[in-house]
Amino acid sequence: MRSTLTVVIRHTLGVVLAGGKSRRMGTDKALLPLENTTFVEHAVDVLSAVFSDVIIAGGSAEVSRIASVPVVPDVLEDGGPLAGLISAFEYESDKSIFLLATDMPYVTAAQVRAVADPAVTGVHARIAVAAGRDQPLCGTYGRGCFSKAMYGTASGDLSMHAFLGRIGNVERVHIDTTGDLTNVNTPADYEALTGESQ
């Protein structure tokens, strides 16, 4: 019998968010080594196990050089994750969007699938929740969310949590293993993950 994890999702575009300045890390988090790969390549591999189509939103020239999938520039410089989401919506005119931050290396394909399936349409989002906290950078956004994201850029309110408030219809999927949704933001976080200093 074929495992459900081998059946790729076609109704949603998988998007790795690789923009951002990585100020607290002091170096580009997307390019940090992770075993035999990098953070951004690992995130692409996780999403590629779930989705038929995957892109990277944002990212440096070096990310573009090593990427095995299309890299789409952020529509707004320093626009944060919301800019990456808008770029993804503009790149793909038909599908919903699944966002995964490049600095969440513990997330598994099974957890991504739990949040991404079934399809999300219209003004509707489904996001992961860990330890009682919303994780909007591990979530699916229906195409109706595009206008809500554009409002954020027009108003200057680029907060993902404010964006969720504008959507209103947000479904939450609780992830049992809370550590899996931990962000690696600082050299100390990276050392805790890999045992290596950065």
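Residues numbered from 1 in each chain as written. Predicted model: local features only at pLDDT ≥ 70, side-chain atom pairs only at ≥ 80, totals over all residues. Heavy atoms only, no water.

K.L.:
Please explain the sheet that holds strand 4 (residues 54-57) as it appears in this structure.
P.N.:
Neighbouring strands of a sheet are bound in pairs by backbone hydrogen bonds; such pairs are parallel or else antiparallel. Pairing is mixed across the open sheet formed by 7 strands, whose spatial order is 5-4-1-6-8-7-9. Taken across any chain shown, the strands that pair with only one partner, and hence form the sheet edges, are strand 5 (71-72) and strand 9 (170-174). Most of the contacts of helix 1 (residues 39-48) go to strand 1 (residues 12-17), to which it runs at about 165 degrees, and overall it touches strand 1, strand 4 and strand 6 (96-101). Across the sheet, helix 4 (residues 109-116) lies against strand 1, strand 6, strand 7 (125-130), strand 8 (133-141) and strand 9, angled at about 135 degrees from strand 7, the strand it touches most. (Pairing = 2+ DSSP bridges. Helix = DSSP H or I, 4+ residues; strand = E, 2+ residues; numbered from the N terminus. Contact = heavy atoms within 4.5 Å. Axes fitted to C-alpha atoms, helices over the stretch in contact; angles between N-to-C directions.)

K.L.:
Where do I start with the packing of helix 3 (residues 80-91) against helix 5 (residues 146-155) in this structure?
P.N.:
Helices that pack against each other are described as a pair by the angle of their axes relative to one another and the distance between those axes. At a closest axis distance of 10 Å, the pairing of helix 3 and helix 5 adopts a crossing angle of 135 degrees. In terms of orientation, helix 3 lies oblique with respect to helix 5. The way helix 3 lies across helix 5 gives a crossing that is left-handed. Of helix 5, the residues touching helix 3 (which contributes Leu82, Leu85, Ile86, Phe89 and Glu90) are Phe146, Ala149, Met150, Gly152 and Thr153. Its residues assigned to classes, the contact of helix 3 with helix 5 shows 7 nonpolar, 2 polar and 1 charged. (Parallel < 35°, antiparallel > 145°, perpendicular 65-115°, else oblique. Left-handed = near helix turned anticlockwise from the far one by under 90°. Nonpolar A, V, L, I, M, F, W, Y, C, P; charged D, E, K, R; others polar.)

K.L.:
Where do I start with the environment of histidine 124 in this structure?
P.N.:
Residue placement: histidine 124 occurs in the loop between helix 4 and strand 7. The class of histidine 124 is buried, set by a relative accessible area of 14%. In this structure, the C-alpha to C-alpha distance between histidine 124 and glycine 168, residues 44 residues apart in sequence, is 7.7 Å. Setting aside residues up to four positions removed in sequence, histidine 124 forms contacts with Thr140, Tyr141, Gly142, Cys145, Ile167, Asn169 and Glu171. (Buried < 20%, exposed > 50% of the residue type's maximum accessible area, 1.4 Å probe, protein only.)

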